[in-house]
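Structural overview
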Amino acid sequence: MTIQTTPTQAFAGQRPGTSGLRKKVSVFLQPNYLENFVQSLFDVLNASAPDGLGLHGQTLVLGGDGRYHNRVAVQTILKLAAANGVRRVLLGQGGILSTPAVSAVIRAREAFGGIVLSASHNPGGPDGDFGIKYNASNGGPATETLTEAVYARTQTVTQINISDAPDLAIDTLGVQQIETMQVEVIDPVADYAALMRELFDFDLLRGMFARGFTMRVDAMNAVGGPYAKEILEGELGAPVGTVVNATPLPDFGGLHPDPNPVNAENLISHMARSDAPDFGAAMDGDADRNMVVGRNFVVTPSDSLALMTAHAKLIPGYKAGLLGVARSMPTSAAVDRVARALGLPCFETPTGWKFFGNLLDAGRVTLCGEESYGTGSSHVREKDGLWAILFWLNLQGATGRSVESLVHEHWRTYGRNYYTRHDYEGVAVDAANGLMADLRAALPGLLGRIFGSRCVVLADDFAYNDPVDASVSKAQGVRLIFDDGARVIFRLSGTGTEGATLRLYLESYEADPARQDIPVQSALADLAALADQVAGIARRTGMSGPSVAT
Ligand code: G16
């Protein structure tokens with residue numbers, strides 16, 4: 001085998017979005033498309049490392065969510081890594097590693113960084129999406145500075161260095177070699193499971209299942225399946241069959257692996273049956289998102305973060321208390337109320353898990369969460385689906401209470417933040433950009449305006465000043481905040497691959513327990529109408545309502 005140098009040329013549009021480069025599979029199948037991006041990444045890493053050595057002599061972690069093209073891409077990346085100075089790659093068996101597991105392995109093995117192959121919750125298969133992202137030595141998503149440098153390099157790169165070695169046997173545990181680089185195929189679950197054992201009371205959980213506690217985890221034919229099966233059924237003694245759709249399939253068996261009440265409808269209807277299990281949960285394509293479900297009761301991600309914060313001391317890994325909490329800007333302010341009551345610092349960041357990295361690294365926060373079904377903690381630098389499920393399981397075991405009673409008690413104590421997200425998908429890019437531009441221009445006139453009983457007390461385009469590295473991220477979403485705590489937020493998604501997706505986030509606060517059980521969409525209908533009045537959503541998108549409301 002030898003290292004080949006082949007010419008390449010720039011591809012338009014290789015700028016990473018909210019979480020890495022996500023495109024249709026057909027885009028990634030273009031000759032040199034993946035190679036161009038990975039070579040650019042390696043060039044930037046080789047040029048920017050402070051010791052001047054770059055990747056030389058370093059270890060990278062590699063794995064993905066098993067979606068279509070995962071196995072082919074793994075082989076390509078190994079050959080590129082071998083030709084660009086990497087000393088060792090730790091590869092998940094079969095090319096499989098969940099996103100939180102990549103983070104856990106990077107941290108446990110003190111690797112230089114890692115590459116995750118995933119388009120997360122986006123559908124898979126030949127007509128679906130593929131994606132790639134880089135995580136740094138803290139285990140977390142690369143900063144915007146790095147991803148922008150990689151993007152710039154994709155526009156100027158002219159050659160690719162790649163080994164012509166034959167494909168490796170990626171299903172066999174053990175060490176192999178390409179050129180001078182070692183490839184160690186590792187058990188994808190082991191490091192992650194060890195970390196979970198440190199955080200949760202596994203004896204308590206084993207006792208719950210031994211006494212007949214029932215649970216259903218829908219892994220949506222995605223990468224969370226092997227993790228959930230090994231930990232829940234294998235180690236904790238949950239009955240076989242507790243984890244459904246547990247085998248990662250290249251097309252997710254046709255499911256849309258996005259754990260929300262719309263796409264995980266099977267779980268929702270199962271949990272509404274009279275013989276429903278005690279607890280239900282789902283994960284997404286790369287197992288970093290989670291949805292928590294009680295009997296006929298769905299927990300919103302914002303409430304999940306608030307409850308975790310309120311009860312963290314009951315969980316062994318957090319019994320010493322929390323350093324602080326953080327939520328993304330569009331996430332409801334439910335956690336803010338808990339933080340205030342507990343005297344904890346509470347940070348508001350832009351959408352994107354990467355914005356939590358500095359706060360976690362600096363020891364400013366312990367828990368983080370987002371409205372997009374993501375929760376996590378300082379144990380890794382990604383959100384973590386199975387961690388959240390184990391947290392809720394441990395919480396039920398420690399309190400002896402059901403999901404629904406825990407949430408109801410929480411609302412009675414702190415009040416309820418009614419919350420919904422309306423997605424308008426596949427909107428023409430110009431129409432979406434025009435809507436946002438006009439909203440931004442209208443902001444000064446919206447301040448102080450009265451809508452019914454509400455008055456706008458803040459109208460801005462959210463900007464984040466990172467308190468750790470002083471970087472500034474502007475234009476992160478238009479916020480209208482009202483005098484009663486209600487919020488209406490508009491932003492465009494950074495993870496879609498077709499047209500634009502307008503996200504409308506609606507929230508209102510209800511302190512009165514007698515008014516805390518209104519169906520969410522009814523409770524927020526007036527804010528939805530207000531949003532349409534202000535932004536002309538129906539007129540501009542041509543859609544009479546959202547394509548997804550969760
Ligand atoms: C990614 C990011 C999250 C973000 C979500 C939605 O999640 O890591 O931080 O909240 O996308 O982003 P957007 O609203 O821009 O589509 P994932 O699970 O897709 O990696």
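That block above? That's the structure.
The rules we used
Residues numbered from 1 in each chain as written. Predicted model: local features only at pLDDT ≥ 70, side-chain atom pairs only at ≥ 80, totals over all residues. Heavy atoms only, no water. Core = buried A, V, L, I, M, F, W, Y, C linked by side-chain atoms within 4.5 Å. Buried < 20%, exposed > 50% of the residue type's maximum accessible area, 1.4 Å probe, protein only. Helix = DSSP H or I, 4+ residues; strand = E, 2+ residues; numbered from the N terminus. Domains from an automatic or database assignment. Contact = heavy atoms within 4.5 Å. Near = heavy atom within 4 Å. Polar contact = N/O pair within 3.5 Å; in protein donor to acceptor, adjacent residues only side chain to side chain. Areas by Shrake-Rupley, 256 points an atom, 1.4 Å probe, with all protein chains shown as cover. Nonpolar A, V, L, I, M, F, W, Y, C, P; charged D, E, K, R; others polar. Salt bridge = Lys/Arg side-chain N within 4 Å of Asp/Glu carboxyl O. Phe/Tyr/Trp six-rings, centres within 6.5 Å; stacked < 30°, edge-to-face > 60°. Lys NZ or Arg CZ within 6 Å of the ring centre and 35° of its normal. Arc of directions from axis to C-beta.

One recurring pattern in soluble globular proteins is that nonpolar side chains are buried together. With 73 residues, the main nonpolar core has Met196, Leu232, Leu386, Trp387, Leu390, Trp392 and Leu393 as its most contacted residues. A total of 9 residues in this core trace back to one element, the largest contributor, which is helix H13 (residues 385-399). Two domains share this core, each providing at least three of its residues, namely domain 1 (3-188) and domain 2 (192-414). The residues touching Leu390, leaving out its near neighbours within four places in the chain, are Met196, Phe200, Leu205, Ile231, Leu232 and Leu236. By size, the runner-up hydrophobic cluster in this structure holds 43 residues, among which are Val86, Leu146, Met181 and Val185.

Turning our eyes to something else, we now look at the site of the ligand. Every one of the 19 residues lining the ligand counts as a neighbour, but Glu370, Arg491, Ser493, Thr495 and Arg503 are closest to it. Within the contact set of the ligand, an oxygen atom lies 3.5 Å away from a side-chain nitrogen or oxygen of Ser19. Here an oxygen atom of the ligand sits 2.6 Å away from a polar atom, N or O, in the side chain of Arg503. When the ligand sits alone it has 470 Å² of accessible area, and the protein chains cover 99% of it. Of the residues contributing to the shell around the ligand, the split by class is 1 nonpolar, 10 polar and 8 charged.

What follows deals with the pattern of salt bridges. Throughout the structure, instances matching the rule amount to 34 salt bridges. In this structure, the salt-bridge partner of Arg421 is Glu371, at a minimum N-O distance of 2.9 Å. Residue Arg421 is located in strand S19 (residues 416-427), and its partner Glu371 is located in the loop between strand S17 (367-370) and strand S18 (374-377); the two are separated by 50 residues in the primary sequence. When its relative accessible area of 10% is taken as the criterion, Arg421 is described as buried. What you see here is one network of salt bridges that share partners, running through Arg327, Asp336, Glu348, Asp460, Arg479, Arg487 and Glu507.

Time to look at the packing of aromatic side chains. Evaluated as defined, the whole model comprises 13 aromatic pairs. With centroids separated by 5.2 Å and ring planes inclined at 80°, the aromatic side chains of Phe28 and Tyr33 adopt a geometry described as edge-to-face. Summarising the burial analysis for this pair, Phe28 and Tyr33 share the class buried. One aromatic cluster is present, built from ring pairs that chain together Phe11, Phe28, Tyr33 and Phe130. Taking the ring centre of Tyr509 as reference, the NZ or CZ of Arg337 above it sits at 3.4 Å. The ring of Trp411 has Arg416 sitting right over it, with the charged end atom 3.9 Å from the ring centre.

Okay, helix H17 (residues 525-535) next. Of all the positions in H17, only Leu527, Leu530, Ala531 and Ala535 are classed as buried. Along H17, the residues classed as buried sweep out an arc of 110° about the axis, all on the same side. Positive phi shows up at Gly536, right after H17, with a value of about 60°.

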